[in-house]
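Examining the three-dimensional arrangement
The chain contents come next:
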Amino acid sequence: MFKSIATSQTTRRAIVRRLIAGTALSPVLFAIHPALSQTVGNPHELLVSTAVYAGKTSTVVVGQTLPTGAVAVADGSYPGVFNNVSVDSNFGVTASVVIKKFHLEGHRLREIRALTVPADVAVTSFSSKSELSLHLSPDGKAVTFMGYDAAVNALDVSNSNSPNHVDPTNPDTGVHARVVAELDFDGSLHRTKVNIYSGDNGRGAIRANKVNGTQADQYFTVGNAGNGSGIPPVLVVNDTGVQLSTPGVDGSDTVVGVQQGTPGSKSGFQLGFSVAQLGFAVDKSGKDDNFRGIAISNNTLYVTKGSGSNGINTIYQVGQPGVLPTRDTAASTTFSILPGFPNNPSANSGATGFYPFGIWFANATTLYVAQEGDGKLADAAASTTAGLQKWVYANGTWTLAYTLQKGLNLGTSYHVNGYPTDPATGGLRNITGRVHRDGTATIFAVTSTVGTSVEPGADPNQVVAITDKVAATQLPANEAFDVVVPPAFGTVYRGVSFAPVNCDGDHGQMKDHGRGHDGDDNAQGDDACSPTRIAAGH
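What this report covers is the structure whose coordinates are included nearby.

Thresholds applied
Residues numbered from 1 in each chain as written. Predicted model: local features only at pLDDT ≥ 70, side-chain atom pairs only at ≥ 80, totals over all residues. Heavy atoms only, no water. Helix = DSSP H or I, 4+ residues; strand = E, 2+ residues; numbered from the N terminus. Buried < 20%, exposed > 50% of the residue type's maximum accessible area, 1.4 Å probe, protein only. Contact = heavy atoms within 4.5 Å. Areas by Shrake-Rupley, 256 points an atom, 1.4 Å probe, with all protein chains shown as cover. Pairing = 2+ DSSP bridges. Axes fitted to C-alpha atoms, helices over the stretch in contact; angles between N-to-C directions. Salt bridge = Lys/Arg side-chain N within 4 Å of Asp/Glu carboxyl O. Core = buried A, V, L, I, M, F, W, Y, C linked by side-chain atoms within 4.5 Å.

1. Remarks on the overall build of the chain
Scanning the chain for helices and strands turns up three helices and 30 strands. Out of the 538 residues belonging to the chain, those deemed buried represent 58%. Taking all contacts inside the chain whose residues are at least 6 apart in sequence as the whole, residues at least 24 apart take part in 64%. In the form shown here, the chain has an accessible surface area of approximately 18900 Å², with 52% of it arising from carbon and sulfur atoms.

Here it is, written out as structure tokens:
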């Protein structure tokens, strides 16, 4: 079961949840291999984070004053409510976070449970497309995501100020803490409030236990800050980029990164990376570190930047290899672009620009990168860069091997019952994967959307999967994506992760005790240890 321990109020009332009977989405979706790699997470349970619109006509009334002072031009009914973006660029409506659990069995992906996360744990902003990614801790025991401390159906929360970090020039005058939410292997939910990413949103969080061999546990988070005009306040610049905090300790956040430039300057003041390090003209303070993807591999922290006109859209290593930043080393931690990846601001724009989102390491020399695309319908169908990029490391540098696109049908519209416009896939956002013992890997991803709607972030998107030969360096002819979770009206998919498990620290020796066996002859490695419970009951 899920047990919420966020607040005493939560323990006094029933958790709202939806229990869904398992129904196969398709008789054959993709190949699930019987011999799974011995890595963390339950190889038979996939979690998908979703935002489900909960508003109704009365949520917004035409003519009412919105938090930014603009006057609403559309009521609260979905999806027309997002026409208010035309008068309020900060417009959004908070929604419940719903975590769906799917079971991978044979050649099927079957939805077996769904949990509506209580609002006093966290909510998300509909239609903010860059938030709610899911990340499994390196030890496999916890999945984390970011949200807000707010009620469902609150307006303009994603651009609100964080407590005690108020930007007087922010047109969105609301104040809401950001939240790191955690789902543990035993089904319990926890939250930690953080006063960061004021004026913008937290995109992702990952928990690291016993950091660098110590007894310290940390969250690492990524996001953007600042929604005002003029010179960004120092405390807002301090709110952006990579942050760390202590699980269970509210307000324990600390920015990670060496100071670049002068505090209080309109341009050039960054914490972490600055384009000035590579000889380019300084950017707006705080915006070079507008990160959205995050991963830990071999005890090294990596982040991505893939949006905004400042900085460089690329993949970054945070600190030295094999050593995670800590509170003691945060201020001296350097950021470096992985060799071979884009290192020029020109990567930030155009149909062939670099727009990385989620990343997943299949091994130390193979990195899969979700490429979102430039967000333009006119460019999607002809894009040669959007989709799933595969990068390989050799001779001291990373090289793009190929981009997987077949089956994504980039730029081709699809229909969602009840939705007034037909969206199309523009690329991919968050991803996760698993290596099989036959040398292939299956990667799951959530799609990005392009189309003619006012707010593409509100368009129903999809979850897709593909199996790739890890050692291949030339594009295989027969590999293609399958849609494994179809689009649904009023729902957007944001993150994917394998479910957390407790293997008592021995993740490399999973033994079969009758749980999670996929029915094939070779059950070695199939045991999920202690499957995450998503069930009715308190």
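After that view of the structure, there is still more to cover.
2. A closer look at the sheet that holds strand 29 (residues 482-485)
With respect to topology, four strands assemble into an open sheet ordered 26-27-28-29, the strand pairing being antiparallel. Because the sheet does not close on itself, it has two edges, and the strands there are strand 26 (424-435) and strand 29. The sheet shows a mean angle of 35° between the axes of neighbouring strands, direction not considered. In the sheet, strand 28 (residues 463-469) pairs with strand 29 via three bridges, with the strands oriented antiparallel. When the bridges of strand 29 are listed, Val-464 appears paired with Val-483.

3. Remarks on the sheet that holds strand 22 (residues 356-363)
Strand order in the open sheet formed by four strands is 22-23-24-25, and the pairing between neighbours is antiparallel. Strands at the two margins of the open sheet, each flanked by one partner only, are strand 22 and strand 25 (397-404). Averaged over all neighbouring strand pairs, the angle between strand axes comes to 25°, with direction disregarded. Note that strand 24 (residues 387-394) and strand 25 share seven bridges and pair antiparallel. In the sheet register, Leu-388 faces strand 25, and the bridge partner there is Leu-404.

4. Details of the pattern of salt bridges
Tallied over the full model, the rule gives 10 salt bridges. The partner of Arg-191 in a salt bridge is Asp-149, and the shortest N-O contact between them spans 3.2 Å. Of this pair, Arg-191 sits in strand 11 (residues 188-194) while Asp-149 sits in the loop between strand 9 (142-148) and strand 10 (178-184); the two residues are 42 residues apart in sequence, bridging distant segments of the chain. Residue classification places Asp-149 among the partly exposed positions, given a relative accessible area of 27%.

5. Quick word on the nonpolar core
Note on soluble globular proteins: their nonpolar side chains tend to be buried together. Formed by 35 residues in total, the largest nonpolar core has its most connected members in Phe-220, Val-242 and Phe-341. Those residues in contact with Phe-341, other than ones at most four positions away along the chain, are Thr-314, Ile-315, Phe-354, Leu-367, Val-369, Trp-391 and Trp-398.

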